[in-house]
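# Chains, contacts and geometry: an overview
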Amino acid sequence: MPTTDYIRHAAKLARKLYLDSAMGTPPAPDPEFFKTLAKALEDIADGLEQVAKRRD
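Residues numbered from 1 in each chain as written. Predicted model: local features only at pLDDT ≥ 70, side-chain atom pairs only at ≥ 80, totals over all residues. Heavy atoms only, no water.

### Observations concerning the packing of aromatic side chains
A full pass over the atoms with the stated rule returns one aromatic pair. When the ring of Phe 33 is compared with that of Phe 34, the centres are 5.5 Å apart and the planes differ by 75°; the resulting orientation is edge-to-face. (Phe/Tyr/Trp six-rings, centres within 6.5 Å; stacked < 30°, edge-to-face > 60°.)

Shown next, in the form of C-alpha cells:
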C-alpha cells in the first residue's frame, strides 16, 4: 500500500497558504512546502506505478 503521509502534509500546507492569502497575506510558499510537494508527487507516482503493475 502506498504511503500518504507526504500527500496529506502537502495538502495541509497548501490549505494553510490558501487561508493565509484569504486573510490578506500574499501567498509565499516556503522551501518546506516545495520539498513536501515534491515528495508527495513522488509518492503519488509510485502508487500509480504499483496500480499499473497489478493490472498487467
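### What about the side chain of Thr 36?
Here Thr 36 shows up in helix H2 (residues 31-55). Of note is the side chain of Thr 36, whose polar atom sits 2.8 Å from the backbone oxygen of Glu 32. (Helix = DSSP H or I, 4+ residues; strand = E, 2+ residues; numbered from the N terminus. Polar contact = N/O pair within 3.5 Å; in protein donor to acceptor, adjacent residues only side chain to side chain.)

### What about the pattern of salt bridges?
Per the counting criterion, the structure on display carries two salt bridges. The partner of Asp 20 in a salt bridge is Lys 16, and the shortest N-O contact between them spans 3.0 Å. Of this pair, Asp 20 and Lys 16 both sit in helix H1 (residues 5-22), separated by four residues, roughly a single helical turn. Note on Asp 20: relative accessible area 29%, which makes it partly exposed. Between Asp 43 and Lys 39 there is a salt bridge; the shortest N-O distance is 3.5 Å. Of the two residues, Asp 43 and Lys 39 are both situated in helix H2; the distance of four residues between them amounts to about one turn of the helix. Look at Asp 43 and you get buried, because its relative accessible area is 8%. (Salt bridge = Lys/Arg side-chain N within 4 Å of Asp/Glu carboxyl O. Buried < 20%, exposed > 50% of the residue type's maximum accessible area, 1.4 Å probe, protein only.)

### Brief notes about H2
In this model H2 runs 37 Å from its N-terminal to its C-terminal C-alpha over 25 residues, within 8% of the 36 Å that 1.5 Å per residue would give. Within H2, the full set of buried residues consists of Phe 33, Thr 36, Ala 40, Asp 43 and Gly 47. Where H2 is buried, its residues contact H1. (Expected span 1.5 Å × (residues − 1). Contact = heavy atoms within 4.5 Å.)

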